[in-house]
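Residues per chain, in single letters:
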Amino acid sequence: MNLTDFFTDYTLRTITLGTAILGAICGMLGSFAVLRKQSLLGDAISHAALPGIALAFLITGIKDTNVMLIGALVSGLIGTFWIKGIVKRTRLKSDTALGLILSLFFGFGMLLLTFIQKMPNANQAGLDKYLFGQAATLVEEDVWIMAMVTGTSLLVLLLFWKELKLLLFDADYTKTLGFNTRFLDVLITTFIVLAIVLGLQTVGVVLMSAMLLAPAAAARQWTNSLGVMITLASVFGALSGVFGTAISASQNNLSTGPVIVLVAAFFVVVSFIFSPGRGLLFREIRFRKNRRELHLKKTLTFMYHIAKTHENVSHPHAIRILNNFQGFTRKTLTQLEEQQFIQLRGNQWAMTEKGYREAASMFNQIGKEND
């Protein structure tokens, strides 16, 4: 496979554009699901869409992608609002409601698929592709639909940006300002369902929740700004689609959907390790730096208690006098000397005026905090 194939090969170009757009819309809307602590909602909706696909085929008798996706949309919306209804009208928590609807709808969907597979009708073949996705079935019409839904989602976000941002972080305050929180909640939930339904053909029911959440989870590691997070999540999602398609096309017998999800997971792992603010690597670096600084301060404070007993604070002392204090090392003493807090002369140390003032300041600050 060459780079030019992405521009000259119709099938590869269509799949790449489709997966890139899908990744972008999933990252955009998945950010709201992650920040609203509704991460499992994507899993429940994708599984709830399965019986809609099967029923759409049973009712129409034809295997038309648009018809089945409409069925998936209706089924997904019903499942979503059932979840919200259960949480609102019963004492069950959201995770219990999500688990109930997910298992109920998915079980019903699998039952319908089993029934369809035993029908004496050749049209039923291939319905199982919605379980794990089959990106190769994407056509130009599907890409245009994805692009229109993505554009509409972006337009809605821009129009209701202030309201959705308020709803996201403080629903009660949003309600006191006079905004219709129920409408806003239904609006963003509907677009999340739309994004999931669009991805069923490419990624499938089983993996769709990962596609919705992975780009948003990766983006969350890099920023505290909602706008930046949505932008980054869209970029991560689009790149996951492009790279996943490229890797899948370069090797035989590699399914595109799972590869895209693995690439998205790679972005999550990289973000969890290398992001400056929350990354594990930089957190460990900060921890080690803070521990070194703590050792320095503890050692300097201990020296201060010794030095202040002498009229001359620069009076030399043997290093072995520090043996009863476990916070110091030879490296610590060298660092204190580099900062001109102490002077080392062979096996002796002496506190400088600068070091004495610094230690006195720290000691007084600790005393105030204890008071």
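Scroll up a little and you will see the structure.
So, here's what we can say about the structure.

Cut-offs used in this document
Residues numbered from 1 in each chain as written. Predicted model: local features only at pLDDT ≥ 70, side-chain atom pairs only at ≥ 80, totals over all residues. Heavy atoms only, no water. Helix = DSSP H or I, 4+ residues; strand = E, 2+ residues; numbered from the N terminus. Rg over C-alpha atoms; globule rule 2.2 N^0.38 Å. Contact = heavy atoms within 4.5 Å. Lys, Arg positive; Asp, Glu negative; His and termini not counted. Charge placed at Lys NZ, Arg CZ, Asp CG, Glu CD. Phe/Tyr/Trp six-rings, centres within 6.5 Å; stacked < 30°, edge-to-face > 60°. Buried < 20%, exposed > 50% of the residue type's maximum accessible area, 1.4 Å probe, protein only. Core = buried A, V, L, I, M, F, W, Y, C linked by side-chain atoms within 4.5 Å. Polar contact = N/O pair within 3.5 Å; in protein donor to acceptor, adjacent residues only side chain to side chain. Pairing = 2+ DSSP bridges. Axes fitted to C-alpha atoms, helices over the stretch in contact; angles between N-to-C directions.

**Some points on the overall build of the chain**
- Within the chain, the secondary structure is distributed over 17 helices and three strands.
- Relative to the globule expectation of 21 Å for 371 residues, the C-alpha radius of gyration of the chain, 30 Å, shows a markedly less compact shape.
- With respect to the principal axes defined by its C-alpha atoms, the chain has extents near 100 × 55 × 35 Å.
- At a minimum sequence separation of 6, the contacts of the chain that also span at least 24 residues come to 69%.
- Considering the chain, the positive charge centre built from 33 side chains and the negative charge centre built from 22 side chains are found 7 Å apart.

**Considerations on the packing of aromatic side chains**
- Scanning all chains against the criterion turns up five aromatic pairs.
- With a centroid separation of 5.3 Å and 25° between ring planes, the pair formed by Phe236 and Phe267 is classed as stacked. With a gap of 31 residues between them, Phe236 in helix H13 (residues 226-250) and Phe267 in helix H14 (residues 256-274) connect regions that are remote in the sequence. Comparing Phe236 with Phe267, the two get one shared label, buried.
- Aromatic ring contacts, followed pair by pair, group Phe236, Phe266 and Phe267 into a single cluster.

**Let's talk about the nonpolar core**
- Membership of the largest hydrophobic core comes to 75 residues, with the highest contact counts inside it found for Ile192, Leu200 and Met208.
- Per-element accounting of this core gives the leading share, 11 residues, to helix H11 (residues 181-200).
- Residues within four places of Leu200 in sequence aside, it is in contact with Ser46, Ala49, Ile53, Ala72, Tyr130, Gly133, Val205 and Met208.
- Judged by nonpolar contacts, the second largest core, of 18 residues, contains Ile319, Leu322, Phe341 and Met362.

**Thoughts on the environment of Gln343**
- Note on placement: Gln343 falls in strand S2 (residues 342-345).
- With 10 residues separating them along the chain, Gln343 and Leu333 place their C-alpha atoms 8.9 Å apart.
- When neighbours within four sequence positions are excluded, Gln343 is seen to be in contact with Glu337, Gln348, Trp349, Ala350 and Thr352.
- Only 2.7 Å separates the side chain of Gln343 from the side chain of Arg345, close enough to count as a polar contact.

**Some points on the sheet that holds strand S1 (residues 317-318)**
- Reading across the sheet, the three strands line up as S1-S3-S2 and stay open at both edges, with antiparallel pairing between neighbours. Single-partner strands in this sheet number two, and they are S1 and S2.
- Pairing analysis gives two bridges linking S1 to strand S3 (residues 348-351), with the strands arranged antiparallel. Within S3, the residue paired with His317 across the bridge is Trp349.
- The strands that helix H15 (residues 280-307) touches are S1, S2 and S3; relative to S3, the one it contacts most, it runs at about 85°.

**Description of the pairing of S3**
- Summarising the sheet, S2 and S3 pair through four bridges and their orientation is antiparallel. Its bridge partner being in S3, Leu344 is matched across the sheet by Trp349.
- Hairpin connection, S2 to S3: the antiparallel pair is bridged by two residues, and Gly346 has positive phi, about 65°.

**Observations concerning unusual backbone geometry**
- In this structure, Gln340 is a non-glycine residue whose phi angle is positive, near 65°.
- Along the chain, the position of Gln340 falls in the loop between helix H16 (330-338) and S2.

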